[in-house]
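So you can see what is in the structure, the chains are spelled out below.
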Amino acid sequence: MQLVNRPFVTALLLTSIANSSALSISSPLAQFDLDFNPPASPTQGGFQSVVDADNSGSTTTFSATQNGVTLAVTGPNNQDRDRGVAGPISGHPQASLLRDFRFATQSQTLALEISGLKPNTSYQIQMYGLDRQFNANAHAAWFTGTDALLSTDDPAFLTTHQNRNDNASGADFLLTVTSSATGTIELAGRGAGGIPSAAQFAFLNGLEIRQTPLLDNVIRVDADHFGAPQTEPGFESLTLSAAGSTTGSVTSNGVTVTVTTDRTDTPTRDRNNTGESLVDDFIFANDELDITVDGLTVGREYLVTIWSQDTLFNDGDQSQWLLDNEILETNHFNFQNGGNNLAATAFSFYLTPTAPSFTISARDVANRSGDVLFFNGIQIQQVVPEPMTSVMVVVGAAGLLRRRRRTAAV
Ligand SMILES: [Ca+2]
Ligand SMILES: [Ca+2]
Ligand SMILES: [Ca+2]
Ligand SMILES: [Ca+2]
């Protein structure tokens, strides 16, 4: 089985790092800011405003076009808001994007249609979902198609996203989807259910769309169960070398991945319940797990994908993932079911290293059924440079420099 054919790979989550490194992949084809009543709620520079003219909240479709790409938004009774610039988005280079948004509750569908694309082509849609004022720990569920009122077991399910209100760096996530034969992509979001201690909403501040770059595999690691590894084809097996071991490493193409857990009692499991071999087994930790990657080529661009899920237990458990204290993924939700919920387990980010190594750290947050977090595997791909990279749109350049400085400190 080729990994690229798996449904959950189409739902890679791109974190805040993408704000910066996406510049060196390719220019966005189009950028849209879902606005509340501009100019009072301003439009992000370089973005096309998409606004419901009368803010009626009634069933309506409104749209805008940039560079031949059209975003049409439809939603029964979902509304827009503007929170202004304060709190976590104070001074943020994309504050005009993140301050205002469209939203849907758990029983509403926020439907998006992106048209004017090439047919049958892979695109990366960088979504921004944040209410900086309310709704801490509210998660959104996103689907392909026009109906978000589906189960997360439905094949249309793509992913969840936490609309966390206290950290703007966790606002964005990536969906990798293929356009239809007519060059259209349809997406639908709602508030996700089944997550404790939060009213559930989907927020959408805006989105960017670009064509998926060519990617070469560098290293793919399957975190396997001690003593009974079932290794995903094409992946390197990483399992702790003995009972009680807390660290292990594996090397491919000159790149080494080392995993360290704070748990000492053979911290691996095999759930053997998904019909595959990547996410049904894992290494776990109580409060902290570190993944160190060494041997990268400075200045090249990489797409890093991490899977984190227990397919049997720990429904509602969440973990937070950081790169050099920068939040990559806030409250990553560890679905307990297998099947189509595999979509929710992966998140990705682009990284252009300024040193050969970096460390990703996971922390346990929002305990539900245990004090644990999970690591199923990691994939590192190198972006194949395009010949025309000199033509780039300088959007979010301040973020680029800031993030790269932080990356340099890793
Ligand atoms: Ca705006
Ligand atoms: Ca917005
Ligand atoms: Ca495995
Ligand atoms: Ca695994």
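Quick notes on the rules
Residues numbered from 1 in each chain as written. Chains lettered and ligands numbered in written order. Predicted model: local features only at pLDDT ≥ 70, side-chain atom pairs only at ≥ 80, totals over all residues. Helix = DSSP H or I, 4+ residues; strand = E, 2+ residues; numbered from the N terminus. Buried ≥ 20, exposed ≤ 12 C-beta atoms within 10 Å, placed from the backbone. Contact = placed C-beta atoms within 7 Å. Core = buried A, V, L, I, M, F, W, Y, C linked by C-beta atoms within 7 Å. Pairing = 2+ DSSP bridges. Axes fitted to C-alpha atoms, helices over the stretch in contact; angles between N-to-C directions.

J.: Could you give me a rundown of the overall build of the chain, with the residues and numbers involved?
T.: Secondary structure summary: the chain contains three helices and 28 strands in total. With 410 residues in all, the chain has 51% of them scored as buried. Restricting the contact set of the chain to residue pairs at least 6 apart, pairs at least 24 apart contribute 75%.

J.: Hey, could you go over the nonpolar core for me, with residue numbers and the actual values?
T.: The nonpolar side chains of soluble globular proteins are, as a tendency, buried together. Core analysis: the largest hydrophobic core is formed by 50 residues, its most contacted members being Ile125, Phe143, Leu175, Ala202 and Phe203. When near neighbours in sequence (up to four residues on either side) are disregarded, Ile125 contacts Leu174, Leu175, Val177, Leu207 and Ile209. Formed by 44 residues, the second largest nonpolar core is a distinct cluster that contains Ala223, Leu238, Phe347 and Phe375.

J.: Before we move on, could you go through the sheet that holds strand 28 (residues 377–383) and cite the residues and values that matter?
T.: Spatial strand order, 16-15-28-22-25: five strands in an open sheet with mixed pairing. The sheet is open, and its two borders are formed by strand 16 (236–238) and strand 25 (346–351), each paired with just one other strand. Across the sheet, the mean angle separating the axes of adjacent strands is 20 degrees when strand polarity is ignored.

J.: How would you summarise the sheet that holds strand 13 (residues 201–204) if you had to cite specific residues and measurements?
T.: The sheet built from three strands is open, its strands ordered 5-6-13 with antiparallel pairing. Edge strands, defined here as strands with exactly one partner in the open sheet, are strand 5 (80–82) and strand 13. In this sheet, neighbouring strand axes are inclined to one another by 35 degrees on average, regardless of whether the strands run parallel or antiparallel. Where strand 6 (residues 100–105) and strand 13 come together, four bridges link them in antiparallel fashion. Paired with Arg102 across the bridge in strand 13 is Leu204.

J.: Please set out the pairing of strand 12 (residues 185–191) residue by residue, giving values where relevant.
T.: For strand 12, a buried count of six out of seven residues is recorded, marking the element as mostly surrounded by other parts of the structure. Here five bridges tie strand 7 (residues 110–115) to strand 12, and the two strands are oriented antiparallel to one another. Looking across to strand 12, one finds that Glu113 is bridged to Glu186. Pairing geometry for strand 9 (residues 139–144) and strand 12, over five bridges, is antiparallel.

J.: Give me the pairing of strand 3 (residues 60–66): which residues, what numbers.
T.: In this structure, strand 3 lies alongside strand 4 (residues 69–75), joined through seven bridges in antiparallel fashion. Paired with Phe62 across the two strands is Val73, which belongs to strand 4. Between strand 3 and strand 4, which pair antiparallel in sequence order, lie two residues; one of them, Asn67, sits at a positive phi of approximately 55 degrees.

In short, geometric facts, not functional conclusions.
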